[in-house]
Each structure stands twice: as structure tokens, then as C-alpha cells.
Protein chains: 2
Amino acid sequence: MTTEEIWAGTALHSWKLVIGRLDEFIGPLDDEQLQRPVAPGRNRLVYLVGHLTATHDRMFPLLGLGKRLHPELDEAYFTNPDRAFPDPVSPSDVKKAWNEVNSKLSAAFDALTPKEWLQKHSAVTEEEFAKEPLRNRLAVLISRTNHVSFHAGQAILAK
Amino acid sequence: MTTEEIWAGTALHSWKLVIGRLDEFIGPLDDEQLQRPVAPGRNRLVYLVGHLTATHDRMFPLLGLGKRLHPELDEAYFTNPDRAFPDPVSPSDVKKAWNEVNSKLSAAFDALTPKEWLQKHSAVTEEEFAKEPLRNRLAVLISRTNHVSFHAGQAILAK
């Protein structure tokens, strides 16, 4: 492994680990269990999974990796708070979308070279990036990994 | 900035961001508010802050950055579940220890070179590290950043 591969590999390993742990928790849950709130009156598990799926789906255009797969989840799970909109699909289908988005993202991530990880993401202009080189693809990966951890900490409370 | 400084800088920026956000939330809370559980019957905020402080305090020896500052928090906040042991100090003092540990850690992190971030941490042997080069200081930093996010997601529920 080259030094650059170790930098990129360490960050990617963390992404896969955090997603894998959440998968282990939600994988065995059925539709009824996914309807549980993480605490009384708080977000339901299905909302968190839908929210994370929509967030990750947006990483395709943000990181220049192609088109989104599931924009139909945005209204219920991204733009609005839980229960403001009826669930557009069943909790199992949300879980299916979550797995689909992550496995396609992971494949795209594995294909990126270390240099490409340090290139700018699409929400920053060339001018801004020249001044702020930390606004790169890697920063988005680390930020989204932490975002999964943030909601995983909540999800686990529904146990 | 060199390429290596961008790799290290991006990960460090995320660490500071995640800690800064939790600081913003717990900073204004008084002793009574820090006694609140994140959900009925769950960990109290002071337990989470104590737990994160003890975890970060252990990063000094783990990353070869010196001695621990607050081992007295371990019994109540690290080794045992919440409420199993009486709080050894007031919630404000736990918060003070949290700030002290993080500011000393951050200073030590800023002094590390990119190469030092990719060196092994102290919980892995030379033999293991030769086979698994991702078990480096950087991996610990990213893992602990996610650990803060995990509990920050819970803490925020006490609002």
C-alpha cells in the first residue's frame, strides 16, 4: 500500500465499519419494529433510515459519482420532519433503498484514486476551493460517516 | 499546504468540528440540566460527558502523547454503566475535565506531522501493524470522532 492509499483506505474503512454496524442493528428488524420511535415522541427508526438513505443518495451528484437513485424519499425523510408526510413506501422498501444506495456508493468509492478524494466536491466553487482545500471529497466522506454515527446513537435507543 | 497536510488536516478539522458542536450544546447547561437523562431511564448527560472524557483521556497513552489527566472518572463513567457508581465530582467539574482533556489533546494533535498520523498506535504490535497498516493513529482519531457523534446524537435528545 502506498502512503496515499493508507490515508484514503483508513477513512473508507471507517465509513464501511459505521454503516456495517448500523446494518447489523436494523437488518433483522421487521416493518412493525422499524415504526418504533427512538424515544417517546421522537423520530421513528424508519425515518432515520429514510433520512440517511436520502442523505447518502445526494452524495452521488455531490461527489460527481452519477445520478441519484431514490429522490422519492426526500419529501418524507429529508425535507420534512418525521410524520409530516405519509411514508411513500413500506419500511422494508426504505431498508432496501438504504442497502442499494450504500452498496452502489461503496463501489464508486472503491474506484476513486487517493488524488480524486482530495479534489473539490460539487458544492464548492473553484475560487473557494483554491482558498479552502479542505472542502474536498474526503471531507464529505468523513462528515457523512459522522452523520451516520450521530443517528446510529439515536437508533440504538429503540432497542 | 502539502497533499499530506491536506489529508491530516481534513481529518483533524472533522474532530474539532464534532467536538465544537457538542461543546455548544453542553456548554450552557448547569449541574441540574446535566443530570437529565437523554430519554426516560437512559444515560444522563453527565454520564455521556464523563464517558467521552474518559475515552479521550485514554487517547494520550494510546497515541503516545503523554500521561492521562483524569483516570478518576473511569469507574463512574467508563468501566460501569450509568448510576452504578456515585458521581466522583460535580457535573460542572466533569465538564471542566472534558474541556481540559480536549484542549490538551488538540494541541498534541496539531503538533503531529502527517507521517506520525500514519504510525501505529500503542494497542497494536509491530507484527500486526506490518500486516494491517490501517491500524494507525489516524484510524483512532476518526474512530473517536465518530464515537463523539454517536453520543452527541443521543445527548441532543435531552433538549
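In this numbering scheme, every chain counts its residues from 1 along its sequence in written order. To label them, take the chains in the order written and letter them from A, then take the ligands in the order written and number them from 1. With the structure being a predicted model, the display of local features is reserved for residues of pLDDT at least 70 and the display and counting of side-chain atom pairs for 80 or more, all residues being used for whole-chain, interface and lining totals. As a rule here, side-chain values cover all heavy atoms of the structure and leave hydrogens and water aside.

**Student:** How should the packing of helix H1 (residues 3-26) of chain A against helix H1 (residues 3-26) of chain B be read in this particular structure?
**Tutor:** Helix packing geometry: the angle between the two helix axes and the distance between the axes. Running from N to C, H1 of chain A and H1 of chain B point in directions that differ by 15°, and their axes come no closer than 11 Å. Taken together, H1 of chain A and H1 of chain B sit at an angle that is classed as roughly parallel. For the crossing formed where H1 of chain A meets H1 of chain B, the hand is left-handed. The segment H1 of chain A lies against H1 of chain B, with Thr3, Glu4, Trp7 and Ala8 of chain A engaging Thr3, Glu4, Trp7 and Ala8 of chain B. When the residues that make up the contact of H1 of chain A with H1 of chain B are grouped by side-chain class, the tally is four nonpolar, two polar and two charged. Throughout, an axis means a line fitted to C-alpha atoms (over the contacting stretch in the case of helices), and angles, computed between N-to-C directions, take values from 0 to 180 degrees. A run of H or I in DSSP counts as a helix once it spans at least four residues, and a run of E counts as a strand once it spans at least two, with each numbered from the N terminus. An angle below 35 degrees is read as roughly parallel, one above 145 as roughly antiparallel, one from 65 to 115 as roughly perpendicular, and any other as oblique. Helix crossings get a hand from a simple test, with the near helix turned counterclockwise from the far one by less than a right angle marking a left-handed crossing and a clockwise turn marking a right-handed one. Residue contacts are counted whenever heavy atoms from the two residues lie within 4.5 Å of one another. As a working rule, the residues Ala, Val, Leu, Ile, Met, Phe, Trp, Tyr, Cys and Pro are called nonpolar, Asp, Glu, Lys and Arg charged, and the rest polar, with Gly in that last group.

**Student:** Help me out: how do you make sense of the side chain of Arg44 of chain A in this one?
**Tutor:** Residue and element names in this part refer to chain A. Along the chain, the position of Arg44 falls in the loop between helix H2 (31-34) and helix H3 (45-57). Partly exposed describes any residue whose relative accessible area lies between the buried limit of under 20% and the exposed limit of over 50%, with all areas from a 1.4 Å probe on protein chains only and scaled to the type maximum. On the basis of relative accessible area, Arg44 is assigned to the buried category, the value being 8%. Identification of polar contacts relies on pairs of N or O atoms within 3.5 Å, with a donor-acceptor requirement for protein atoms, meaning one able to donate a hydrogen and the other able to accept it, and with residues adjacent in sequence counted only if both atoms are side-chain atoms. One polar contact links Arg44 to Asp87, side chain to side chain, over a distance of 3.0 Å. If we skip the residues at most four places from it in the chain, Arg44 touches Leu34, Gln35, Arg36, Pro37, Tyr77, Asp82, Arg83 and Asp87.

**Student:** Just to check I follow, could you spell out helix H9 (residues 137-155) of chain A for this structure?
**Tutor:** Since the α-helix turns once every 3.6 residues, residues separated by three or four places project in the same direction. Residue and element names in this part refer to chain A. With 19 residues, H9 extends 27 Å between its outermost C-alpha atoms, agreeing within 8% with the 27 Å of an ideal straight helix rising 1.5 Å per residue. The buried count for H9 comes to 15 of 19 residues, which makes it a mostly enclosed element. Here H9 starts with a cap whose side-chain oxygen sits 3.2 Å from the backbone nitrogen of Leu138, and that cap is Asn136. What a helix is expected to span follows from its residue count: subtract one and scale by 1.5 Å.

**Student:** How should the packing of H1 of chain A against H3 of chain A be read in this particular structure?
**Tutor:** Residue and element names in this part refer to chain A. Orientation of H1 relative to H3, taken along the N-to-C sense of each, is 150°, at an axis distance of 12 Å. In terms of orientation, H1 lies roughly antiparallel with respect to H3. Of the two possible hands of crossing, H1 and H3 adopt the one that is left-handed. Packed against H1, whose contacting residues are Trp15, Ile19, Leu22, Phe25 and Ile26, the element H3 presents Leu45, Val49, Leu52 and His56 at the interface.

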